[in-house]
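# A closer look at the structure
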Amino acid sequence: MGPPVRVWWLLLGFACAPRVAQTPPNGASLTLPQTAIVTTATGEPVASGPWSNGQVGLTLPDGWSGMTGPPGASLLLRVTEPVSLSQVELWSFAPTGRPAARPRPGCEPILDDRGRYRAVPALDPAASHSCVEADGTLVQGWYSIQGGQEVHLEAIYPPGEGFRGRLLVEPVLRSLTITR
């Protein structure tokens, strides 16, 4: 083995040597946090009854509960129905043109219609979009520009709860009001 080969093996040995933690001067130590620090504000709890942020509102039937979105977020409200565990999300954005569903990665579209739907009276006319997630969760949404804002109302039904969940969220869909 010639000198260049020995140098190569020597360098490889140094590269693979175990690393030794360096001790800071004066015996001080550095402690890193073990959990992530959350700096995003959370929303406020919401219970049954009327809810409004001054621009949009709805009424939650008995037993429903949820949270508002973080302050300043596009997600205004996420609530859960207690029987089927279906959820309703209310979103508001600055208008982006013709309203369409927010992308949901992994949700396979089954309906995407920019027609005129009246399932949510306050969102007339409204585009409609439905998709199914890999676990069978059904997402059904209605999207419209009302009162100078793009409003998205989405119902999320657990696997096997699409029919019952739709019946149970109907009063919430019909209760949506928008200040114009």
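Small disclaimer: the values here were computed from a predicted structure and weren't measured. (Residues numbered from 1 in each chain as written. Predicted model: local features only at pLDDT ≥ 70, side-chain atom pairs only at ≥ 80, totals over all residues. Heavy atoms only, no water.)

### Comments concerning the nonpolar core
Nonpolar side chains in soluble globular proteins generally cluster together in the buried interior. Counting residues in hydrophobic clusters, the biggest one holds 26 residues, and the most contacted among them are Leu90, Leu123, Trp142, Leu153 and Leu176. Broken down by secondary-structure element, the contributors of at least two residues to this core are β1 (45-52), β2 (56-68), β3 (75-80), β4 (87-93), β8 (149-157) and α2 (162-175). (Core = buried A, V, L, I, M, F, W, Y, C linked by side-chain atoms within 4.5 Å. Buried < 20%, exposed > 50% of the residue type's maximum accessible area, 1.4 Å probe, protein only. Helix = DSSP H or I, 4+ residues; strand = E, 2+ residues; numbered from the N terminus.)

### Some thoughts on the environment of Thr177
With respect to the helices and strands, the residue Thr177 is situated in strand β9 (residues 177-178). Judged by its relative accessible area of 46%, Thr177 falls in the partly exposed class. Placed 57 residues apart in sequence, Thr177 and Val120 show a C-alpha to C-alpha distance of 9.7 Å. Beyond its immediate stretch of four places on either side in the chain, Thr177 contacts Gln55, Val56 and Gly57. (Contact = heavy atoms within 4.5 Å.)

### Considering the state of the cysteines
Evaluated as defined, the whole model comprises 1 disulfide. Disulfide pairing places Cys107 opposite Cys131 at an S-S distance of 2.0 Å. Across the disulfide from Cys107 to Cys131, rotation about the S-S bond amounts to roughly 90°, and the bridge is consequently right-handed. Taken together, the residues span a long stretch of sequence, with Cys107 in the loop between β4 and β5 (108-117) and Cys131 in strand β6 (residues 126-132) at a distance of 24 residues. What makes Cys131 buried here is its relative accessible area of 2%. (Disulfide = S-S within 2.5 Å.)

### What to know about the side chain of Glu89
Inspection of the secondary structure assignment puts Glu89 in strand β4. Note on Glu89: relative accessible area 4%, which makes it buried. A polar side-chain atom of Glu89 sits 3.1 Å from a polar atom in the side chain of Arg104. In this view, Glu89 contacts Leu75, Leu77, Arg78, Arg102, Arg104, His152, Leu153, Glu154 and Ile156; residues no more than four positions away in its chain are not counted. (Polar contact = N/O pair within 3.5 Å; in protein donor to acceptor, adjacent residues only side chain to side chain.)

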